[in-house]
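Secondary and tertiary structure notes
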Amino acid sequence: MRKVAIVGYAQHPILENAGALNEVELIMPVVHQLFDELGISQNNIDFTCSGSCDYLQGAAFAFVEGLSAIQTNPPIKESHVEMDAAWAMYESMLKIQMGDADTALIYGFGKSSPGRLDSIISLQMDPYYISPLWPDRVSLAAIQARVLLEKNIITPEQMITAVIEARTNSKNNKNALVTELVDKEAYLASENISSPLNEFDCPPISDGSSAMIIASEEKAYEFTDHPIFIEGIDHRIESSNIGSRDLSKPSGILASIEQLKLEKIKFDVAELHTQFSHEVPYLQSVLNLSDVPTNLSGGPLVGNVMMCAGLDAIGKTYESLKSHDFTNGLAHASSGPCLQHNMLVHLEKKS
Amino acid sequence: MSDQKDLLRAPFELAYNYKRSSGPLMSKFFDALAEQKILGTKSSTGKVYAPAAEFDPETHESLSDLVEVGPGGVIESFSWIEEPKHHHLIKNPFAFALIKLDGADTSMLHMVTECDEEDLKIGSRVTANWSATIENRITDIKFFTLEK
Amino acid sequence: MSEEEKKDYAESPINLEYHYTAGSATTRFLNQVKEGKIVGQSCPKCSAVYVPPRGSCPRCGVATNIEVPLTDKGCIESFTIVHIPIPGNPIVPPYVCAMIRLDGANISFLHLIQGIDVEEIRIGMRIQAVWKPKDEWTHSLENIKWFTPIDEPDVDVATLRFQES
Ligand SMILES: [Zn+2]
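Residues numbered from 1 in each chain as written. Chains lettered and ligands numbered in written order. Predicted model: local features only at pLDDT ≥ 70, side-chain atom pairs only at ≥ 80, totals over all residues. Heavy atoms only, no water.

**Some thoughts on the pairing of strand E7 (residues 108–113) of chain B**
All names here are of chain B. To keep things clear, this is the line we draw: Each residue is placed in one exposure class: buried if its accessible area under a 1.4 Å probe, protein chains only, is under 20% of its type's maximum, exposed if it is over 50%, and partly exposed if it falls in between. A run of DSSP states H or I qualifies as a helix once it reaches four residues; a run of E qualifies as a strand once it reaches two. Both are numbered from the N-terminal end. DSSP-based pairing: two strands are paired if at least 2 bridges between them are found.
Taking burial as the measure, the six residues of E7 include six buried ones, the bulk of the element. Relative to E7, strand E6 (residues 94–101) is paired through six bridges, and the arrangement is antiparallel. Considered in E7, the bridge of Phe-94 is made with Thr-113. Hairpin connection, E6 to E7: the antiparallel pair is bridged by six residues, and Gly-103 has positive phi, about 95°.

Laid out in structure tokens, this is it:
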């Protein structure tokens, strides 16, 4: 199988309300930043794939309009996933592995500010048994948090630590939306939104975009002496019926760990798509990351662009490997309620 | 370039009046709600899925053996909403809860209300309350309340 | 309830509320439309002129940051005669929807043609905007009621094709 490497990643500063920018105006700067860094143009890209959700904007086929941000003359090979752009990266990687492309541009964009994210996310649930009850994303996450707390898989103190560390780590992330530090007193004084989760346990409503370029091994060395290789990638999905899942057993992630033989790898850094505070200690424990610096970017708790935050976890891991004396990094992307989909990506820097 | 303050903004509502066919199995589930009965489906392993599942996610077989479950059950987990937001169907404090109905092996998501947060525990017993109007929807179960 | 009366579906309405924000390029364009002016945006690389603009040239993938005032005259690049009423649409059929190519623009947009027998409409026909009274102008292309034919020679639309410079 052909090896695939990440050669560039760019992220728009995460905004609370990007009203001044339409989708095209959000995407264009990050794509151009990447092209300029690598000294290339769209003409050097064999395959383009994006991730977004039309319901966020409330406009059918909004992703097609987003495509105006990139050069489409001569016509390009293009695809789109109605998912986080991490899945667009997966599709692009397969395209390269199949030999259909040597280079791929991936971008994701999300504007959550125009709509009511809670109602919109309800629509991803089973339309017969669940959506008509309009369960919001925080309440569903809170149901999983309570299961984990009740079974002592995580503790309230670990949730507080996750919040405090995310805010502290936001200083490493020039694009973070929430940078204000928080202490235990402020956390404990906060009212629950949907118990056991309070506002600090939840990610901020965020607008933004990100882009990434990946390439086959031969091509990657034309761009850089130190490409970061995608050594392993695995995606699993659990039942859409949350009532039939064991919310304290991440069966999808466990299958991926086995598939990727992660227990044999000593990771230097990890970025997890943990949108809620309880997911941080939970996944750290499942993925055996207690000694591994995790979410040095602050993670989704300091900026959570829907349809981008998973790609951002991969991008931030890439950036960490590039700028530190690190070799192995683990990135995690998720989707659906209560960590229903999970993608694990093992990145490695060759010396 | 435009300033944030000069930007044009307009509210709009996106509404679709979808009509959903429930299919042969789920239709029976929704028809039973009109008689204030809740149905599950039993797989060849004896496991009962409720609300009625069309297939078994473990054995992958299609399911057709309907069995009555509930209307009482046990809370498996819940989240408490002291201040409901605009999209919530209940305007008083309530919980979203996973409820394992009597006779079932899986849980059903629904709402629990007419109690205080302190009254609810994982393991609390609740029972179904019914809506006055029958619409062949999951909301024909109005909500659950603590068993007296 | 008899079998005949029984519905085989359940009502499952969804309704979502949004606050649309136009973004920079569209805001600039619509602010001019409110003043009765049509201002396209031009690509700094290939100089193609877009109206209405979305802020980028998809040919080059760059921002269209040059404002280009345009006239409200142009020609019909293509059209269709609508014979079937569309629910919620107040216009009585038959009526004409046309792709309008304004003079100096490199793309066309959809609008109505009135003031002529539908049988006489043809590609290349010269047309001009008919505006609503000024006190009714808003941030919308509906400030133009429709386009109507003017007494100028037809245009060969093949000559309108964008020429790579
Ligand atoms: Zn151009």
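**Observations regarding the interface of chain A and chain B**
By convention, interface size is frequently given as the accessible area that disappears when the constituent parts associate. Here is the rule we go by: Throughout, a contact is declared for two residues whenever any of their heavy atoms are within 4.5 Å. Take the accessible area each of two parts loses on contact, using a 1.4 Å probe, and add the two losses: that sum is the buried area. Salt bridge criterion: a side-chain nitrogen from Lys or Arg within 4 Å of a carboxyl oxygen from Asp or Glu. Residues adjacent in sequence count toward polar contacts only when both atoms are side-chain atoms; beyond that, a polar contact is any pair of N or O atoms within 3.5 Å, and within protein one must be able to donate a hydrogen and the other to accept it.
Opposite the 34 residues of chain A that make contact, chain B presents 42 residues. Here chain A meets chain B over a buried area of about 3,200 Å², counting both sides, of which 61% is carbon and sulfur. On the chain A side of the contact with chain B, Tyr128(A), Tyr129(A) and Leu133(A) bury the most area, a combined 26% of that side's loss. The interface formed by chain A and chain B holds one salt bridge in total. Measuring nitrogen to oxygen at the nearest pair gives 3.4 Å for the salt bridge that ties Asp118(A) to Lys85(B). For the pair chain A and chain B, the number of links is twelve residue pairs in polar contact (both at pLDDT 80 or more).

**A word on the interface of chain A and chain C**
Counting residues at the interface gives 29 residues for chain A, matched by 24 residues for chain C. Around 1,900 Å² of area is buried between chain A and chain C when both sides are counted, 49% of it from carbon and sulfur atoms. Across the contact surface, chain A and chain C share three salt bridges. With a shortest N-O distance of 3.3 Å, Glu23(A) and Arg54(C) are connected by a salt bridge.

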